[in-house]
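# Observations on the model geometry
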Amino acid sequence: MPQVHNWQIGRDMSYPHEERHPEWQFALVFNPNRCIGCQTCTMACKSTWTFSKGQELMWWNNVESKPYGGYPQHWDAKLLSMLEKANPDGQVWDATEKDAENKPYGEFSGMTIFDAAEKKPRPEGPQQALGYLPTDDEWRSPNIHEDTAAGDKFKTEGEYGESTQLPEHKIWFFHLARICNHCTYPGCLGSCPRNAIYKRPEDGIVLVDQSRCRGYRKCVEGCPFKKAMYRPESRATEKCIGCFPRVEGKDKTISPTGAPAETRCMSACVGKIRLQGLLKIEEDGTWAKDPTNPLYYLIRERQIALPLYPQFGTEPNGYYIPPRWVPRPYLHQMFGPGADGSIEQYSCPDRELLAVLQLFRAERQIVFRFEIEQGKKVGEIEVTMPNGDSKTQELYNDTIIGFNKLGEEVARVAVEEPTFERPAEAHVNSI
Ligand code: SF4
Ligand code: SF4
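The structure contained in this document is the topic of the report that follows.

Let's shift gears to the overall build of the chain. Check the secondary structure of the chain and you find twelve helices and 21 strands. A compact globule built from 431 residues should have a C-alpha radius of gyration of about 22 Å, and the chain, at 22 Å, falls within 12% of that. In terms of overall dimensions, the chain has a C-alpha envelope of 75 × 55 × 45 Å along the principal axes. Across the 431 residues that make up the chain, the buried fraction comes to 55%.

A few words now on the site of ligand 1. Taken together, 13 residues form the shell around ligand 1, and within it C180, C183, G187, C188 and C223 come nearest. Among the residues forming the shell around ligand 1, the class breakdown is eight nonpolar, three polar and two charged.

The subject of this paragraph is the pairing of strand 21 (residues 409-414). Summarising the sheet, strand 20 (residues 399-403) and strand 21 pair through five bridges and their orientation is antiparallel. Bridging across to strand 21, I400 finds its partner in V413.

Time to look at the site of ligand 2. Taken together, 14 residues are adjacent to ligand 2, and C35, C38, Q39, C41 and C269 come closest. Split by residue class, the shell around ligand 2 holds nine nonpolar, four polar and one charged.

Keep in mind that most residues, glycine aside, have a negative phi and that most peptide bonds are trans. Omega for the peptide link from K66 to P67 comes to 20°, which places this bond in the cis form. That bond from Y71 to P72 is cis: its omega, -5°, falls within 30 degrees of zero. Among the secondary structure elements, P72 is positioned in the loop between strand 4 (62-66) and helix 2 (75-86). Backbone geometry at H145 places phi at a positive 60°, although glycine is not the residue there. Examined against the element boundaries, H145 turns out to sit in the loop between helix 4 (136-139) and strand 7 (150-151). The class of H145 is partly exposed, set by a relative accessible area of 21%. The backbone of H182 sits at a positive phi, close to 40°, despite the residue not being glycine. Note on placement: H182 falls in the loop between strand 9 (174-178) and helix 5 (187-191). When its relative accessible area of 0% is taken as the criterion, H182 is described as buried.

What follows is about the sheet that holds strand 17 (residues 369-373). Overall, antiparallel pairing links the three strands, which are arranged 17-20-21 in an open sheet. Each having just a single partner strand, strand 17 and strand 21 make up the two edges of the open sheet. Strand after strand, the sheet turns through a mean of 20° between neighbouring axes, direction not considered.

In terms of nonpolar packing, the biggest core is built from 109 residues, with V29, L298 and L308 touching the most fellow members. Broken down by element, the residue count for this core peaks at six residues, all from strand 3 (residues 24-30). Dropping the residues within four chain positions of it, V29 is found in contact with I273, R274, L275, L295, L298, I299, A305, Y319, I321 and F360.

Let us now look at the side chain of T399. Considering the arrangement of structural elements, one finds T399 in strand 20. Since its relative accessible area comes to 17%, T399 is described here as buried. Apart from the residues lying within four places of it in its own chain, the contact partners of T399 are E371, I372, E373, R412, V413 and A414.

Note on aromatic pairs: each is described by the distance of the centres and the angle between the planes. Evaluated as defined, the whole model comprises 19 aromatic pairs. An angle of 50° between the planes, with centres 5.3 Å apart, marks the rings of W93 and F108 as tilted. A residue pair is termed long-range when its members are at least 10 positions apart, and W93 in strand 5 (residues 93-94) and F108 in strand 6 (residues 107-108) qualify at 15 residues. Looking at F108, the relative accessible area reads 0%, which means it is buried. Ring centres 4.8 Å apart and planes at 15° place the aromatic pair Y309 and F312 in the stacked group. For the residue pair Y309 and F312, the accessibility class agrees, reading buried in each case.

Reading guide: rules and limits
Residues numbered from 1 in each chain as written. Chains lettered and ligands numbered in written order. Predicted model: local features only at pLDDT ≥ 70, side-chain atom pairs only at ≥ 80, totals over all residues. Heavy atoms only, no water. Helix = DSSP H or I, 4+ residues; strand = E, 2+ residues; numbered from the N terminus. Rg over C-alpha atoms; globule rule 2.2 N^0.38 Å. Buried < 20%, exposed > 50% of the residue type's maximum accessible area, 1.4 Å probe, protein only. Near = heavy atom within 4 Å. Nonpolar A, V, L, I, M, F, W, Y, C, P; charged D, E, K, R; others polar. Pairing = 2+ DSSP bridges. Axes fitted to C-alpha atoms, helices over the stretch in contact; angles between N-to-C directions. Core = buried A, V, L, I, M, F, W, Y, C linked by side-chain atoms within 4.5 Å. Contact = heavy atoms within 4.5 Å. Phe/Tyr/Trp six-rings, centres within 6.5 Å; stacked < 30°, edge-to-face > 60°.

As structure tokens, this is what we get:
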């Protein structure tokens, strides 16, 4: 296989195709610290794209309760155990040597799904990516084990632990929202024997050419995130299309001037956990330095938003701010060694970071650039850091302003939310 560079694992790796990069890359940041599991995003997607015959069990967007939930069931546990077998020395990271550009989280020294497929051929013959085909049963429940917690009590009381208890929560779970990651090195694309899957050169969105697909389901097997889905009615694979008409700025009600807009699932998010963007990619595949792009800022500049299972090797473009209350070994496995630094920052965000975090769900058009107007100091709070230390957080009522691709101002949010008192004469229940 050709060698390609994967910055998320800090090294070159095998991939079935030569390196090639889009001009812009569709990317997203999700903040599970804020997700309430309401599934509004899931239904926004379903009612837009997958409401037809044969798509009943197709959830391009899903939100699963971790650690037990998964759609399809056990998707990550199964793949991780396959990777574990392929990596007898463990899925180890060397985080001692880092550099912000090429190896921000250090170097993953285990095998990715592509390395493993090449070096450990399966008995039925060589494959392009390590993977498996979920059973029909595993696709049946979009959110099995919803809100089921794990923790110390899990081992002794009841099969799946008990509900949370006062005065402190000894058990944990969190909502993991997922869509296709429109990966830089997609497992689905690399596994397709018909070359029916392609990555759009203009925005990196990964699509399936329905006229070329013959329904072999190698993509379903090869996507480690199980986001390529087979439709029996058409005998072809379908997957998240990144709401590309919106990204192209074709929805005039949202983007009257034709600027790119966020997807349906992002726009609908009640918990304000989602921020979508487009990142400029240089010809050699590196990200054009742009610290005023909110996604570049959160992912590269601050390294607070981390890739999902970077060790799989697909360079996913879905990034997450890890939930603070979850045991660290679980987070290290899911988001890599950057989890500690991310939680440290999120526990007590500085002035600039706090302002950028206000941009989540501030506007349906994609924000390409932000500016911050400084406001006055409005308070101080004592924060308990993850190691138990106390820290003082100074709060400033700064205003963040977001601009669309055309440079038009589309968002203006202050750190301190304004409050309004309704006139008593107009509302009988006013106080
Ligand atoms: S998440 Fe899966 S379906 Fe989406 S691009 Fe990556 S490998 Fe393909
Ligand atoms: S709409 Fe937002 S808060 Fe609700 S489940 Fe989806 S990601 Fe979570």
